[in-house]
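# Secondary and tertiary structure notes
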Amino acid sequence: MAHVGLTSVAIEVEVDVAEQGFPGFNIVGLAGKAVEEARERVKTAVNNSGLDFPGKKITVNLAPADLPKDGGAYDLPIAIGILTASGQVPHADGLFYGELSLDGSLRATKGVLLVGLFAKGGSIFVPIESANEAAVVEDVTVYPVRNLQELVDHLNNVKEIKRLSHLEIKELVDEAAVDFDLAEVAGQEQAKRALLIAAAGGHNLLMSGPPGAGKTMLARAMPGILPPLSPAEALEVTRIYSVVGLLDPGESLLRRRPFRSPHHGISAAGIIGGGTNPLPGEVSLAHLGVLFLDEMAEFPRPVLESLRQPMEDGVVNIVRVAGHVSYPASFTLLAAVNPCPCGYLGHPRRECKCSEKMIRKYRGRISGPILDRIDLHVRVPAVETEKLSTQPSTLNAQGSKYLREQVINARKIQTERFTEEKIYTNSQMRNKQVKKYCKLDPETERLLRLAVEKHDLSARSYFRLIKVARTIADLEDSSDIAVAHMAEALQYRQQI
Amino acid sequence: MKFENRKTGLIGEEVALQHLLKKDLQLVSRNFSTRFGEIDLIMRDKGVLVFVEVKTKKGLDFGRPEEMFTRNKYQKVKNMALVYLKGREVKSRIDMVAVVLDELNEPVTVSHYENVTGMDGFQ
């Protein structure tokens with residue numbers, strides 16, 4: 001089983017144990033270094049499992065021959081192939097997948113979920129530590145294998161391996177752990193409101209403000225108000241994590257909405273995905289979750305510009321010599337910036353020391369096209385002294401728990417709205433869908449037209465404004481987009 | 001210890017020679033050596049010059065003799081064969097004979113592999 005991006009290709013492992021010829025062990029079929037080394041692992045594992053490794057000329061062919069293969073997952077099928085060819089186990093049907101350790105036990109191997117999805121209707125033999133990943137797939141028989149000896153006994157009908165029972169995804173999704181309550185952030189009501197809208201509709205949000213105002217804290221509180229993953233979403237995200245091997249051993253599913261915050265030293269390949277055999281980058285790991293870019297202006301320009309395509313399409317297409325791969329990357333961008341290099345531009349009490357040229361240069365680091373794709377722009381001003389206190393906050397209305405309920409309600413409305421579409425949130429709507437689901441009354445339409453003309457907004461901004469207004473209306477459980485909703489959406493436009 | 005190994009090797013070479021003679025190969029030279037290395041046996045098989053490397057093991061506790069015939073050793077034998085031929089173009093091949101001895105230095109198995117090449121899967 002080879003994975004090309006998120007799609008799987010079945011690899012047939014043919015084994016020939018020849019009676020004639022100099023004893024040896026050869027693997028052919030564009031095997032990578034890790035597969036080449038399977039020779040030593042398989043040989044030792046077979047010997048250490050109390051089985052007989054035939055001292056004959058062994059040729060292993062991995063078909064199709066033109067697809068490059070890498071990783072340790074071919075160990076188990078090769079071992080079983082050799083044992084079958086030498087008559088130590090009978091021929092068995094099913095998919096074998098897993099990396100062997102020298103003592104014959106199986107190691108956690110990445111990509112087991114994809115194997116399960118591929119093998120629908122059949123049976124698979126996978127390492128016990130990764131088997132839970134496949135247990136959430138319906139209509140597939142999963143045999144969790146602890147070691148080679150156990151599998152040989154199973155195939156010889158000596159001692160059966162108990163198949164894994166199917167797990168319901170619903171029961172696995174966790175409640176969000178709140179490491180930071182929004183109530184802990186002093187003041188910043190406008191930013192909190194924007195955060196709420198961003199979480200409810202999956203809109204992109206840019207916070208700008210002086211150092212220490214609480215931008216990073218607000219962002220850290222974001223996971224606490226994100227809604228739980230729906231079963232379909234959980235499966236979609238887990239596929240990506242399974243390919244990279246980022247799921248914890250024994251874990252079956254990603255239980256929480258992803259929240260990724262890469263450091264600004266990241267490379268373009270790191271954020272978009274890359275490598276000879278392209279692996280998903282941060283944008284894909286943040287799929288259906290949040291990508292937080294702290295100090296956005298410090299990110300290298302190519303990195304920021306590479307975000308354009310995924311922000312618009314929700315997918316990234318990576319092209320390398322080895323092939324063409326596309327990964328889903330429908331994420332909510334959450335960004336924080338300072339208004340100028342020193343950080344105090346527009347501060348009520350501290351003086352900004354930057355020259356106009358410096359400010360212009362700093363602002364130029366984030367290009368117009370990127371800013372145009374951000375729906376919510378919000379200022380996070382310095383906190384007034386009277387709002388700071390060591391007393392516990394009394395404003396429970398602003399607590400994460402309460403906000404999260406609002407978000408969940410708004411998402412419920414969206415899920416019902418998009419039952420026929422392949423999207424989950426308002427922000428994912430295409431223009432066609434905007435026209436279908438967001439009817440504006442003449443009054444609201446007029447307000448929007450006025451704003452577009454006055455600020456010379458782009459066509460993209462036009463549609464994005466409607467989407468934000470839709471979310472604000474959803475938060476108030478209103479089926480129509482009223483003037484007030486549009487007016488609020490306009491408030492969060494880019495300040496020029 | 002070293003002497004023991006040498007002795008085992010000599011016995012193995014003798015066993016291999018008898019085995020090959022029985023197979024109608026004719027002996028050309030034994031232990032052809034230069035300062036770069038040695039060829040255990042050089043035989044003739046129906047007009048083909050055969051360079052033979054003999055590997056002997058006493059018991060299988062430390063692995064099979066075949067496993068001791070590595071890519072490096074193969075290359076060495078090949079180079080020695082080229083030295084022996086001195087550029088003459090003669091039909092030739094490289095064979096390997098694996099001998100397993102028991103405690104009393106009596107041969108248990110003798111396997112003769114004809115025309116081993118670099119494509120074989122040795123280590």
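This part takes up the overall build of chain A. In terms of helices and strands, chain A carries 20 helices and 19 strands. In terms of overall dimensions, chain A has C-alpha extents of about 85 × 50 × 45 Å along its principal axes. Expressed as a percentage of the 496 residues in chain A, the buried residues total 45%. A separation of at least 24 residues holds for 72% of the contacts in chain A among residues at least 6 apart in sequence.

For the rest of this paragraph, the subject is the sheet that holds strand 3 (residues 48-58) of chain B. Residues and elements named next belong to chain B. Here five strands make up an open sheet; going across it, the order is 1-2-3-4-5 and the pairing mixed. Either end of the sheet is taken by a strand with one partner, and the two such strands are strand 1 (26-34) and strand 5 (107-113). Strand-to-strand, the axes of this sheet are offset by a mean angle of 25°, without reference to chain direction. Sheet topology note: the strand 1/strand 2 (residues 37-45) ladder contains seven bridges and is antiparallel. Bridging across to strand 2, Thr 34 finds its partner in Gly 37. Helix 2 (residues 71-85) contacts strand 1, strand 2, strand 3 and strand 4 (92-101) of the sheet and is inclined by roughly 70° relative to strand 2.

Before going further, it helps to examine helix 2 of chain B. Compared with the 21 Å implied by 1.5 Å per residue over 15 residues, the 21 Å span of helix 2 of chain B between its first and last C-alpha is a close match. A positive phi of about 45° marks Lys 86 of chain B, the residue just after helix 2 of chain B.

Where a strand is regular, its side chains alternate between the two sheet faces. The turn joining strand 1 of chain B and strand 2 of chain B, which pair antiparallel and follow one another in sequence, is formed by two residues. Connecting strand 2 of chain B to the antiparallel partner strand 3 of chain B that follows it, the hairpin turn spans two residues, and Lys 46 of chain B within it adopts a positive phi of roughly 50°.

Next up on the list: the nonpolar core. Of all hydrophobic cores here, the largest spans 133 residues; its most connected members are Ala 79, Ile 124 and Ala 134 of chain A. The residues touching Ala 134 of chain A, leaving out its near neighbours within four places in the chain, are Val 112, Leu 113, Val 115, Gly 116, Ile 124, Val 126, Val 140 and Val 142 of chain A. Formed by 23 residues, the second largest nonpolar core is a distinct cluster that contains Leu 20, Leu 41, Val 50 and Ile 94 of chain B.

A separate point is the domain arrangement of chain A. Residues and elements named next belong to chain A. The domains assigned to chain A are domain 1 (2-167), domain 2 (182-422) and domain 3 (429-496). For domain 1 and domain 2, the distance between their C-alpha centroids amounts to 41 Å. In this complex, domain 1 contributes 19 residues to the contact, which on the side of domain 2 involves 21 residues. Class assignment of the residues belonging to the side of domain 1 that touches domain 2 gives a composition of 10 nonpolar, five polar and four charged.

What follows is about helix 8 (residues 215-225) of chain A. Within helix 8 of chain A, eight of the 11 residues are buried, which leaves the element mostly enclosed by the surrounding structure. Residues of helix 8 of chain A that are buried in the fold lie against helix 7 (189-201), strand 11 (205-208), strand 12 (259-260), strand 15 (290-293), strand 18 (332-337) and helix 16 (400-417) of chain A.

The subject of this paragraph is the confidence of the model for chain B. Per-residue pLDDT for chain B has a mean of 86; in total, 93% of the residues score no lower than 70. Prediction confidence for the complex, expressed as pTM and ipTM, is 0.78 and 0.73 respectively.

As a further point, take the pairing of strand 19 (residues 376-379) of chain A. Residue and element names in this part refer to chain A. Residues Leu 376 and Val 378 of strand 19 are buried on one face, while the alternating residues His 377 and Arg 379, pointing to the opposite face, are not. By the bridge criterion, four bridges tie strand 11 to strand 19 in an arrangement that is parallel. Among the inter-strand pairings, Ser 208 is bridged to a residue of strand 19, identified as Arg 379.

Time to look at the packing of helix 2 (residues 38-48) of chain A against helix 3 (residues 75-85) of chain A. Angle between the axes and distance between the axes are the two parameters that describe a pair of packed helices. Residue and element names in this part refer to chain A. As a packed pair, helix 2 and helix 3 sit with axes 10 Å apart at the nearest point and diverge in direction by 55°. Relative to helix 3, helix 2 is oriented oblique. As helix 2 runs across helix 3, the sense of the crossing is right-handed. Listed contacts from helix 3 to Ala 38, Arg 41, Val 42, Ala 45 and Val 46 of helix 2 are Asp 75, Ile 78, Ala 79 and Ile 82. Each residue belonging to the contact of helix 2 with helix 3 can be placed in one class, and the counts come to seven nonpolar, no polar and two charged.

All names here are of chain A. Across the interface, helix 18 (residues 442-455) lies against helix 20 (residues 483-491) with an axial gap of 9 Å and an inter-helix angle of 20°. When the axes of helix 18 and helix 20 are compared, the pair comes out roughly parallel. Here helix 18 and helix 20 pass one another in a crossing that is right-handed. On the side of helix 18, the interface is formed by Glu 443, Thr 444, Leu 447, Leu 448 and Ala 451, while helix 20 contributes Val 483, Met 486, Ala 487 and Leu 490. Split into classes, the residues belonging to the contact of helix 18 with helix 20 amount to seven nonpolar, one polar and one charged.

Rules used throughout
Residues numbered from 1 in each chain as written. Chains lettered and ligands numbered in written order. Predicted model: local features only at pLDDT ≥ 70, side-chain atom pairs only at ≥ 80, totals over all residues. Helix = DSSP H or I, 4+ residues; strand = E, 2+ residues; numbered from the N terminus. Buried ≥ 20, exposed ≤ 12 C-beta atoms within 10 Å, placed from the backbone. Contact = placed C-beta atoms within 7 Å. Pairing = 2+ DSSP bridges. Axes fitted to C-alpha atoms, helices over the stretch in contact; angles between N-to-C directions. Expected span 1.5 Å × (residues − 1). Core = buried A, V, L, I, M, F, W, Y, C linked by C-beta atoms within 7 Å. Domains from an automatic or database assignment. Nonpolar A, V, L, I, M, F, W, Y, C, P; charged D, E, K, R; others polar. pLDDT = per-residue confidence, 0-100. Parallel < 35°, antiparallel > 145°, perpendicular 65-115°, else oblique. Left-handed = near helix turned anticlockwise from the far one by under 90°.

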